[in-house]
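Here are the chains, one letter per residue:
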Amino acid sequence: MAIALAIGKRLRDALRDLAPIVLVIAFFQAVVLQQPFPNLGNVLVGLVCVVVGLALFIQGLESGLFPIGESIAEAFAHKGSATLLLAFALCLGFGATVAEPALIAIAAEAAEVAAEAGAIANSDEARTSYAFNLRMVVATSVGFAIVLGVLRILKGWPIHRLIITGYVLVTILTVFAPDEIVGVAYDAGGVTTSTITVPLVTALGVGLATSIKGRDPMLDGFGLIAFACGMPVIFVLAYGMVM
Amino acid sequence: MSALLDFAADFLGTVATTVFDVLPILAILVVFQVVVLRRRVQNLRGIVVGFLCVLLGLALFLIGLERALFPIGETMARQLTEAAATSGAAVDWRDYTLVYAFAAAIGFAATLAAPPLLAVALKAQKVSGGAISAWGLRIAVAVGVAVGVSLGCFRIVTGTPLPWYIVAAYVVVIVQTFRASRTIIPLAYDSGGVTTSTVTVPVVAALGLGLAANVPGRSPLIDGFGLIAFASVFPIMSVLGYAAVVSLIGRLGKGGNAAGTAGSNDQTKGTELNPS
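These remarks concern the structure in this document.

1. Focus: the overall build of chain B
When helices and strands are counted, chain B shows 10 helices and zero strands. Seen in sequence order, chain B has helices and strands lined up from the N terminus as α-α-α-α-α-α-α-α-α-α. Buried positions account for 50% of the 276 residues belonging to chain B. Taking the contacts inside chain B whose residues are at least 6 apart along the sequence as the reference set, 78% of them involve residues at least 24 apart. Accessible area of chain B: about 12,300 Å², with a carbon and sulfur share of 67%.

2. Observations concerning the pattern of salt bridges
The tally for this structure, following the rule as stated, stands at six salt bridges over all chains. The partner of R78 of chain B in a salt bridge is E82 of chain B, and the shortest N-O contact between them spans 3.8 Å. Linking R78 of chain B with E82 of chain B, this pair stays in helix α2 (residues 44-84), spanning four residues, or about one helical turn. When its relative accessible area of 46% is taken as the criterion, E82 of chain B is described as partly exposed. Shared partners join several salt bridges into a network, and the residues in it are K9, D13 and R16 of chain A.

3. Structural notes on helix α7 (residues 184-194) of chain B
The element α7 of chain B is extensively covered by neighbouring structure, given that 11 of its 11 residues are classed as buried. Restricting attention to buried positions, one finds in α7 of chain B the residues I184, I185, P186, L187, A188, Y189, D190, S191, G192, G193 and V194 of chain B.

4. Examining the interface of chain B and chain A
Contact with chain B, which involves 91 residues of that partner, is made by 90 residues of chain A. Between chain B and chain A the total buried area reaches about 8,000 Å² when both faces are included, carbon and sulfur atoms providing 80% of it. If you look at where chain B meets chain A, you find one salt bridge. Of the charged contacts, one joins R135 of chain A and D21 of chain B as a salt bridge, the two residues approaching to 2.7 Å between their closest N and O atoms. Inspection of the chain B/chain A interface yields seven residue pairs in polar contact (both at pLDDT 80 or more). Broken down by element, the side of chain B that touches chain A gets its largest block of residues, 27 residues, from α2 of chain B. Class assignment of the residues belonging to the side of chain B that touches chain A gives a composition of 66 nonpolar, 16 polar and nine charged.

5. Things to note about the side chain of D187 of chain A
Relative to the elements of secondary structure, D187 of chain A occurs in helix α7 (residues 179-192). One buried charged side chain, D187 of chain A, makes no salt bridge at all; its nearest oppositely charged neighbour is R155 of chain B, positioned 7.9 Å away. At a separation of 2.8 Å, a polar atom in the side chain of D187 of chain A contacts the main-chain amide nitrogen of G226 of chain B. For D187 of chain A, the contacting residues outside a window of four places in its chain are F225, G226, L227, I228 and A229 of chain B.

6. Things to note about the environment of A59 of chain B
Residues and elements named next belong to chain B. Along the chain, A59 turns up in helix α2. A relative accessible area of 0% places A59 in the buried class. A C-alpha to C-alpha distance of 38 Å links A59 and V173, two positions 114 residues apart in sequence. Excluding its chain neighbours within four sequence positions, the residues that come into contact with A59 are F11, T14, V15 and T18.

The rules behind each value
Residues numbered from 1 in each chain as written. Chains lettered and ligands numbered in written order. Predicted model: local features only at pLDDT ≥ 70, side-chain atom pairs only at ≥ 80, totals over all residues. Heavy atoms only, no water. Helix = DSSP H or I, 4+ residues; strand = E, 2+ residues; numbered from the N terminus. Buried < 20%, exposed > 50% of the residue type's maximum accessible area, 1.4 Å probe, protein only. Contact = heavy atoms within 4.5 Å. Areas by Shrake-Rupley, 256 points an atom, 1.4 Å probe, with all protein chains shown as cover. Salt bridge = Lys/Arg side-chain N within 4 Å of Asp/Glu carboxyl O. Buried area = accessible area lost by both parts, 1.4 Å probe. Polar contact = N/O pair within 3.5 Å; in protein donor to acceptor, adjacent residues only side chain to side chain. Nonpolar A, V, L, I, M, F, W, Y, C, P; charged D, E, K, R; others polar. Lys, Arg positive; Asp, Glu negative; His and termini not counted.

Rendered as structure tokens:
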């Protein structure tokens, strides 16, 4: 019964996520374009899948993964070696990003586009491996981003210097990276930080900043997301140059 | 019946592949809990049920994505460009006003509804001691995303290089950072990351790719990506800008009041002095 209620609440949240997009599209279809939407039935079935899927996904995270994640983050914040903490940060960033739905979707789409344009071989195998490699590069970069963010909280480094250094690196790498990777690389940053990564990483950051003397959870607890958003750009650009 | 069978096959296939997407994070959490921290895993049943929910949910979401979110973005891009492409072979960016309007509307509406943003906005209100209102911040972020996605579409239509825009945005953010108060900076940077929700990302990405495929002379590979980057950078700018305006108004208000009272004091002194 409790789980049914919880899933009901998640369904409502997922609907609220989707509603603005559907409303805007409905408005443009009905008032501006005045055209029938092709395959409307199929799309509606898909939308139901999206809502139910997102509700189940988030309910599963809340009841299963997030509680362990939060308790581990708290345990590390209060005691334990810095090395283990950093190892945990690396694994957490990596694992959370691998399971991020938006990244799975965008990596597959990027592989599709690259295959159609002839940048990679147009076979299932080439597409799958391109998408997989892209996701691994992004996940590794988020792992390192969380390590850097945790180090920042431990050492009390000012966030803006690190971010500005990142911007400069991105600018320099852009000059040397092949044109076809630049768009995907820039997008990779925004894609990674959604459903799984944001709650897990925020729990870690706020937990750490609360337990370390002289750190303000409001000030120092934030910034991990910003790193997780910037680092993939650098890594994917570098990956494009090596490829 | 066969449609149902197709769906079942599709679903099972997706579940089989998503197992490997969800396993790493589960394994990492369990290993750290049991091996490193040497604590028992509590509520094992809840975790198993949760894991199954995550698995089924992710598979359903990915199927819905293929059937609904991507086609929606692509269809909108196609229909909007068809409505625009009337004036012959040369691409004139002014023909695509509808595209920019649609992009701005999607960006604004989807961002305003995003739950993570609400959490960040409430924290910002607390940090600033109420100077920055949660609603003000949410609107600032939503306007940032709307302008960003809209400008991103303009870039795709004109085919101008993506780095020009993003690097220029970086420069503006850096300049703003040096003028901003220390408390707002981490929040502003984070607000860029939280805006792009799991539902919005595929629709916006498909819009960009569809646009690049339909506007003459554009290639999806070079021009199609980048909208999400716009949606991540522009909110940082608009939040820093909003904070600057709030503090400026605060200072002007205080400064104005202080000057006003000082002036009236002088005047009263003057009037007192005059008769004597």
